[in-house]
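# Breakdown of the fold
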Amino acid sequence: MISLLIVDDHPHQADGIAHIVTESGLPFIGTVYKAYSAKEALECFAAHRVDIVITDIRMPEMSGIELISRIRESSRQVKCVLLSGYAEFEYAQRAMELHASKYLMKPVKDSELLDTLHKLHGEIMTEANRTQMYQQAVHAMRVHTPLIREAFLRDLIEGKAILRRDLERRLQALELPFTAGDEVLFFAIQLEDDLSGYNGHDKALISYAVGNIGEELLQDSFDVWYTAMNDRIIAFVLKPRENKGLHAADRLERRAKEFQRSVYRYLKHMISVGIVSSPVAFPDELNEASHKSRLLFRNREDKVAGLFAIISELPQPKLSGLIDSLYQPPSLSNLMEIGRWEEAYEKLRDIFAELEHKWTDSPEYAQEAFFVIAGSFQFVSHKEGKQLVDMIGPLYASMLEKHTTWDLRSFRDWAFKSLQCIAELAEEQKPGYRSTTLSLAQRIQQYIERHLNEDLSLPLIAEELGFHPAYLSKVYKSETGQTLSDYLLKRRMEHAAVLLRKTDSKIYEVAEQTGYQTAHYFIKLFKNYYGVTPQQFRQGQSGKR
């Protein structure tokens with residue numbers, strides 16, 4: 001509903017217009033006010049909300065033009081309509097300057113007056129909607145700006161490419177007092193407490209609280225920008241404020257120690273702090289600074305929570321061989337493919353037990369393990385005729401967005417939860433969704449796994465499973481893409497390699513345990529498969545231990 005103020009020094013004129021409006025039954029008209037002078041109109045305008053003013057031009061003491069001018073001093077939104085019995089250009093020109101909505105000639109026709117009110121009501125509603133949308137956008141921007149700032153800084157620290165002009169534009173839009181080439185200080189903190197019992201919302205609250213404490217302690221001397229790199233690590237970028245650049249590093253060290261104490265005092269959480277000793281160029285050197293802090297958290301020898309260190313230069317990590325458990329047969333993908341889920345879980349446990357020792361050696365070990373494990377999950381999902389996102393759901397988005405910032409605990413949690421999702425879905429779909437041929441291929445593989453040390457052959461396996469050898473061979477080839485003989489040889493050779501690597505069994509004993517009656521035939525097949533004899537293979541593996 002809109003309110004209307006009618007102003008005319010002739011009461012019968014004001015009353016007449018008010019009567020026309022009231023009797024018209026326009027559904028959007030609310031209160032209709034009347035004033036018989038400009039002074040009375042200003043008093044009414046000050047006391048009530050008025051959306052439309054209809055005023056005569058020629059009035060004693062103050063004209064309609066002057067009245068509109070006074071109204072415009074306090075409101076630019078009110079719609080103003082001028083009435084006059086004089087078709088004088090100067091009045092129309094001044095009305096346009098004051099953004100009058102309409103200039104009507106007396107006597108006003110009822111239809112023209114009502115059409116004008118209809119038009120002005122439409123304008124008022126359009127402007128109200130536009131104002132509401134703008135206010136909603138401003139509110140949303142204010143609410144989401146901290147999250148947008150965090151995500152932007154995280155992208156810069158991770159080294160994502162951005163054009164200089166886009167960088168400056170986004171910094172300005174987010175009201176961030178940083179510019180390309182600024183010398184900034186960088187430090188990172190790592191939450192050392194076990195957060196595995198917290199849900200995502202609680203972890204976000206902890207991260208928010210820690211970041212707030214840091215910002216409050218530092219903002220008197222620095223412009224502070226921070227972001228959570230993952231559930232445990234928060235990175236801070238600091239720009240010394242004007243006239244406070246001298247001894248900024250010393251000031252940061254003192255405040256960071258206070259930060260560490262305050263987090264424990266107020267949140268009862270222990271944090272480790274790593275400060276990069278020298279200023280870095282914004283944003284080009286943020287990624288290198290972040291890398292140094294991560295290496296510090298990984299490489300520290302004491303493994304004690306609450307570390308505080310100044311990072312200068314760290315030795316380049318050195319590789320120390322393969323992650324053996326990733327590649328020792330049977331592979332993770334093979335165990336999952338044939339439905340040996342408990343052994344797949346055990347395989348993951350072995351991988352992460354070894355990775356825990358090598359995690360600090362080089363970040364490439366984490367990358368290697370991730371790609372092998374994620375690849376195994378995708379392989380099995382595709383064998384099921386599904387995409388990995390269909391098998392593990394939200395964990396898929398986490399894999400794409402966060403795996404580069406995972407610590408060992410986050411990586412382990414993701415891997416085991418993903419395996420659980422795949423295992424549960426695969427088991428649920430066995431009766432209704434798996435074809436009989438796929439089930440038969442699995443039954444063949446499971447039978448081979450249980451009888452690897454026996455003299456297996458296609459006729460024997462077919463007899464045990466109750467199928468004709470030719471049919472069994474055809475089905476297995478169509479479902480797996482390889483012949484049954486090739487798969488049997490592959491599994492025997494993998495099993496032999498494990499025995500040679502992990503046991504002291506004689507060569508003939510290894511041959512017997514992999515289903516070969518003569519050592520000579522076994523040695524010949526092994527050399528054809530691996531390119532070396534079993535003895536040479538064992539000697540080469542012992543040199544790697």
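Above this text you will find the structure in question.
Residues numbered from 1 in each chain as written. Predicted model: local features only at pLDDT ≥ 70, side-chain atom pairs only at ≥ 80, totals over all residues. Heavy atoms only, no water.

## Brief notes about the overall build of the chain
Just so we agree on the cut-off: Strands are runs of DSSP state E lasting at least two residues, helices are runs of H or I lasting at least four, and both sets are numbered from the N terminus onward. Three exposure classes are used, based on accessible area relative to the maximum for each residue type with a 1.4 Å probe and protein chains only: buried under 20%, partly exposed in between, and exposed over 50%. Residue contacts are counted whenever heavy atoms from the two residues lie within 4.5 Å of one another.
In terms of regular secondary structure, the chain is built from 24 helices and 11 strands. For the chain, the residues scored as buried account for 45% of the 545 residues in total. Intrachain contacts of the chain at a sequence separation of at least 6 include 68% that bridge at least 24 residues.

## Let's talk about the packing of aromatic side chains
Our working rule: Only the six-membered ring of Trp is used, alongside the rings of Phe and Tyr, when aromatic pairs are assigned; centres must lie within 6.5 Å, and planes under 30 degrees apart are stacked while those over 60 apart are edge-to-face, with the rest tilted.
Enumeration over the complete set of coordinates arrives at 23 aromatic pairs. Taking the centre distance of 5.4 Å and the plane angle of 65° together, the rings of Phe370 and Phe371 count as edge-to-face. Residue class for Phe370 comes out buried when judged on its relative accessible area of 7%. Measuring from ring centre to ring centre gives 5.5 Å for Phe526 and Phe537, while their planes differ by 80°; the resulting arrangement is edge-to-face. With Phe526 in helix α23 (residues 519-530) and Phe537 in helix α24 (residues 534-542), this pair connects stretches of sequence that are 11 residues apart. Across the pair, exposure class does not vary: Phe526 and Phe537 are buried alike. Linked through ring pairs, Tyr345, Phe352, Phe370, Phe371, Phe377, Phe411, Trp414 and Phe416 together constitute an aromatic cluster.

## Comments concerning the layout of surface pockets
Condition: Two kinds of site are reported from a 1 Å grid over the protein atoms alone, namely cavities, where a 1.4 Å probe fits but cannot get out, and pockets, open sets with protein on both sides within 12 Å along at least five of seven lines, and residues are called lining when an atom falls within 4 Å of a point. Grid points are joined across faces, edges and corners, and a volume is the space filled by probe spheres set on the points. Note on residue categories: nonpolar means Ala, Val, Leu, Ile, Met, Phe, Trp, Tyr, Cys or Pro, charged means Asp, Glu, Lys or Arg, and polar means any other residue, Gly included.
Approximately 1,500 Å³ is the volume attributed to the largest pocket. Every residue lining the largest pocket is counted, 49 residues in all, and those nearest its centre are Glu150, Arg154, Ser207, Ala228 and Asn230. Those elements that provide at least two residues to the lining of the largest pocket are α5 (110-157), α7 (200-218), β7 (222-228), α15 (394-402) and α16 (408-428). A class-by-class count of the residues in the lining of the largest pocket yields 20 nonpolar, 11 polar and 18 charged.

## Some details on the pattern of salt bridges
It is possible for side chains of opposite charge to pair when their charged atoms get near one another. The cut-off we apply is this: Salt bridge criterion: a side-chain nitrogen from Lys or Arg within 4 Å of a carboxyl oxygen from Asp or Glu.
One pass over the structure, following the stated rule, counts 24 salt bridges. Measuring nitrogen to oxygen at the nearest pair gives 3.4 Å for the salt bridge that ties Lys203 to Asp231. Highlighted residues: Lys203 in helix α7 and Asp231 in the loop between β7 and β8 (233-240), separated in sequence by 28 residues. Among the ionic pairs, Glu494 bridges to Lys490, the shortest N-O distance being 3.1 Å. Residue Glu494 and its partner Lys490 are both found in helix α21 (residues 484-502); the two are separated by four residues, about one turn of the helix. Owing to a relative accessible area of 13%, Glu494 belongs among the buried residues under this scheme. Among the ionic contacts, a cluster of salt bridges with common partners joins Arg340, Glu343, Glu449, Lys490, Arg491 and Glu494.

## So, α15
Inclusion rule: Each direction from the helix axis to a C-beta atom contributes to the arc, which is the arc of those directions.
Within the span of α15, buried status applies to Leu395, Ser398 and Met399. Buried residues along α15 cover an arc of 100° about the axis, so they all sit on one side. Every exposed residue of α15 that faces more than 90 degrees away from the buried side is listed here: Pro394, Leu400 and Glu401.

## Re the environment of Ser325
The condition that has to hold: N or O atoms closer than or at 3.5 Å make up a polar contact, with two conditions inside protein: a donor-capable atom paired with an acceptor-capable one, and, for residues adjacent in sequence, both atoms drawn from side chains.
Mapped onto the fold, Ser325 is located in helix α10 (residues 324-327). Separated by 23 residues in sequence, Ser325 and Leu348 have C-alpha atoms that sit 8.7 Å apart. Non-local contacts of Ser325, meaning those with residues more than four positions away in its chain, are made with Lys347, Asp350, Ile351 and Glu354. At a separation of 2.8 Å, a polar atom in the side chain of Ser325 contacts the side chain of Glu354.

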